[in-house]
Amino acid sequence: MLTPEQIARVPKVLLHDHLDGGVRPETVAAIAERTGHELPVSDPAALGEWFAAAAASGSLVRYLETFEHTVGVMQTTEDLVQVARECVEDLADDGVVYAEVRWAPEQHLREGLSLTAAVDAVREGFAQGTAEAARRGRTIHARQILTAMRHQARSLEIAELAVAYRDRGVVGFDIAGAEAGYPPTRHLDAFEYLHRENAHFTIHAGEAFGLPSIWQAIQWCGTDRLGHGVRIIDDIDLTDPDDPKLGRLAAYVRDKRIPLELCPSSNVQTGAAPSIAEHPIGTLTSLGFRVTVNTDNRLMSQTSMTREMALLVDAFRYDLDDLRWFTVNAMKSAFLPFDQRLALIQDAIKPGYAI
Ligand SMILES: O=c1[nH]cnc2c1ncn2[C@H]1C[C@H](O)[C@@H](CO)O1
Ligand SMILES: [Zn+2]
């Protein structure tokens, strides 16, 4: 069986990781100390435990409340640069060769930053982190996905921001936040705008809410990928384990090769899956869906790409071929131009697994 050390060494691709869900606990504590942001506990180790415990309530809404303490310390250029730089360093140290990291610029304006200044700060942090990783002998390509919060009404503006920065490190758009009560069709104007601009987007759907949300995200909004999408399992009849029957929507998702950005640990914490061993990723993988493995929020789940893959290896006995399949799936599904995706598969992923 693969060890975590072996998994750490192979190239990994990450499509679903939140910048404000991956801040180092030490950094949350240090910035909070400097800015006066009040934390539930101040010791970094205890703070890491606090985030994980508070996020594991089985409710997405309560899970999201913990972000107050990361967003709260990401309000100035200096703080955003630091968090973005450390994010890229941590991913590179974990063996991630390509990452799309998402965050919601509209949540970072409390101290007077403009939307563009916030995006520029993250861009600068990513450049610094990439350079630092290179100094350590690691090559990583990091891009931003700009998220709009689904309970707010700024999605068109954020979509325009993503398009304005499409040649400056931003590869796509997303909506996130509490799913129940905030269907993706609330943001149809943003998605229609992105279509007209030939731009890429993903939608958090099928996490806290089921098939109607996935159906809207695909058939009304025209999403390229599904953030989570784990509840597509509800459209598969597994009564006879030897003969699973896909409903129309599940068949459409599989036929169209719509990528599922699955995040096992996060799904267990928010109650979208009962456990890692019972996570639908096993079934969806064996049925040939376009499955990718992701971290979602490394801080809240105390995880990494290596750990998510190690958990799956442990639960489903996956081998190196399976991990390479997840990785190539993710690279194929990235919002990077096709030639660059191909180059990363040929030049980084395949040789890395061959070794
Ligand atoms: O798993 C999630 N589902 C929905 N929204 C989420 C999830 N993880 C993070 N978010 C929200 C909270 C963050 O503040 C926001 C932008 O990264 O996205
Ligand atoms: Zn997410």
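Not measured: the values here are computed from a predicted model. (Residues numbered from 1 in each chain as written. Chains lettered and ligands numbered in written order. Predicted model: local features only at pLDDT ≥ 70, side-chain atom pairs only at ≥ 80, totals over all residues.)

**Let's talk about the UniProt feature "active site" (unreviewed entry) in the chain**
For step 1, the next point in the chain: The UniProt record marks Glu207 with the feature "active site" (unreviewed entry), using the residue numbering of this structure.
For step 2, the next point in the chain: Classification of Glu207 by C-beta neighbours within 10 Å gives buried; the count is 26.
For step 3, the next point in the chain: Excluding residues that lie within four positions of it along the chain, Glu207 makes contacts with Leu60, Glu179, His228, Val230, Thr270 and Ala272. (UniProt positions renumbered as here; feature names shortened; annotations may be inferred. Buried ≥ 20, exposed ≤ 12 C-beta atoms within 10 Å, placed from the backbone. Contact = placed C-beta atoms within 7 Å.)

**Let's talk about the UniProt feature "domain: Adenosine deaminase" (unreviewed entry) in the chain**
For step 1, the next point in the chain: Under the feature "domain: Adenosine deaminase" (unreviewed entry), the UniProt entry names residues 11–347.
For step 2, the next point in the chain: Secondary structure across residues 11–347 comprises 46% helix and 15% strand; the distance between its end C-alpha atoms is 11 Å. (Helix = DSSP H or I, 4+ residues; strand = E, 2+ residues; numbered from the N terminus.)

**Considering the sheet that holds strand β9 (residues 260–262)**
For step 1, the next point in the chain: With parallel pairing, the eight strands of this open sheet are ordered in space as β1-β2-β3-β4-β5-β6-β9-β10. What marks the edges here is a single partner per strand, and that holds for β1 (12–18) and β10 (291–293). The sheet shows a mean angle of 25 degrees between the axes of neighbouring strands, taken without regard to direction.
For step 2, the next point in the chain: Lying on the sheet, helix α10 (residues 211–220) is in contact with β5 (201–205) and β6 (225–228); it crosses β5 at an angle near 165 degrees. (Pairing = 2+ DSSP bridges. Axes fitted to C-alpha atoms, helices over the stretch in contact; angles between N-to-C directions.)

**Let's talk about the nonpolar core**
For step 1, the next point in the chain: One finds Ala84, Val88, Val122, Ile140, Ala162 and Phe173 to be the most contacted residues of the largest nonpolar core, which totals 104 residues.
For step 2, the next point in the chain: When residues of this core are assigned to their parent elements, the largest contribution, eight residues, is made by helix α6 (residues 77–93).
For step 3, the next point in the chain: Setting aside chain neighbours within four positions, we find Ala84 in contact with Leu19, Val122, Gly125, Phe126 and Gly129. (Core = buried A, V, L, I, M, F, W, Y, C linked by C-beta atoms within 7 Å.)

**Details of the pairing of β6**
For step 1, the next point in the chain: Sheet topology note: the β5/β6 ladder contains four bridges and is parallel. The residue of β6 that forms the bridge with Ile203 is Leu226.
For step 2, the next point in the chain: Read from β5 through α10 to β6, the crossover connection turns out right-handed.
For step 3, the next point in the chain: Bridge count for β6 against β9 is two bridges, and the pairing is parallel. Across the sheet, the residue bridging to Leu226 is Leu260, located in β9. (Right-handed = clockwise from strand over helix to strand, strands pointing away.)

**A few points about helix α16 (residues 338–354)**
Counting along an α-helix, one turn takes 3.6 residues, and residues three or four places apart therefore face a common direction.
For step 1, the next point in the chain: Across its 17 residues, α16 extends 23 Å between first and last C-alpha, which sits within 8% of the 24 Å expected from 1.5 Å per residue.
For step 2, the next point in the chain: Those residues of α16 that sit buried are Leu344, Ile345 and Ile349.
For step 3, the next point in the chain: Turning to α16, the residues buried within the fold contact β2 (96–103) and α15 (320–333). (Expected span 1.5 Å × (residues − 1).)

**Some thoughts on the pairing of strand β4 (residues 170–176)**
For step 1, the next point in the chain: By the criterion of burial, β4 is predominantly enclosed, with six of the seven residues buried.
For step 2, the next point in the chain: Relative to β4, strand β3 (residues 141–149) runs parallel, the two sharing six bridges. By the bridge assignment, Leu146 is partnered in β4 with Phe173.
For step 3, the next point in the chain: The parallel pair β3 and β4, bridged by helix α8 (residues 155–164), forms a crossover whose chirality is right-handed.
For step 4, the next point in the chain: In this structure, β4 lies alongside β5, joined through three bridges in parallel fashion. If you follow Phe173 over to β5, its bridge partner there is Phe201.
For step 5, the next point in the chain: Tracing the backbone out of β4, into helix α9 (residues 188–196) and back to the parallel element β5 gives a crossover that is right-handed.

**A closer look at the packing of α6 against helix α7 (residues 115–135)**
For step 1, the next point in the chain: α7 packs onto α6 with a crossing angle of 35 degrees between their chain directions and a minimal axis gap of 7 Å. Handedness of the crossing formed by α6 with α7: right-handed. When α6 is examined against α7, the residues Thr77, Leu80, Val81, Gln82, Val83, Ala84, Arg85, Glu86, Cys87, Val88, Glu89 and Ala92 are found in contact with a partner set consisting of Ala117, Ala118, Ala121, Val122, Glu124, Gly125, Phe126, Gln128, Gly129, Thr130, Glu132 and Ala133. (Left-handed = near helix turned anticlockwise from the far one by under 90°.)

**Quick look at unusual backbone geometry**
For step 1, the next point in the chain: In this structure, Asn198 takes a positive phi of about 55 degrees despite not being glycine.
For step 2, the next point in the chain: If you trace the backbone, Asn198 turns up in the loop between α9 and β5.
For step 3, the next point in the chain: When the 8 C-beta atoms within 10 Å are taken as the criterion, Asn198 is described as exposed.
For step 4, the next point in the chain: Backbone geometry at Asp296 places phi at a positive 65 degrees, although glycine is not the residue there.
For step 5, the next point in the chain: Inspection of the secondary structure puts Asp296 in the loop between β10 and α14 (305–316).

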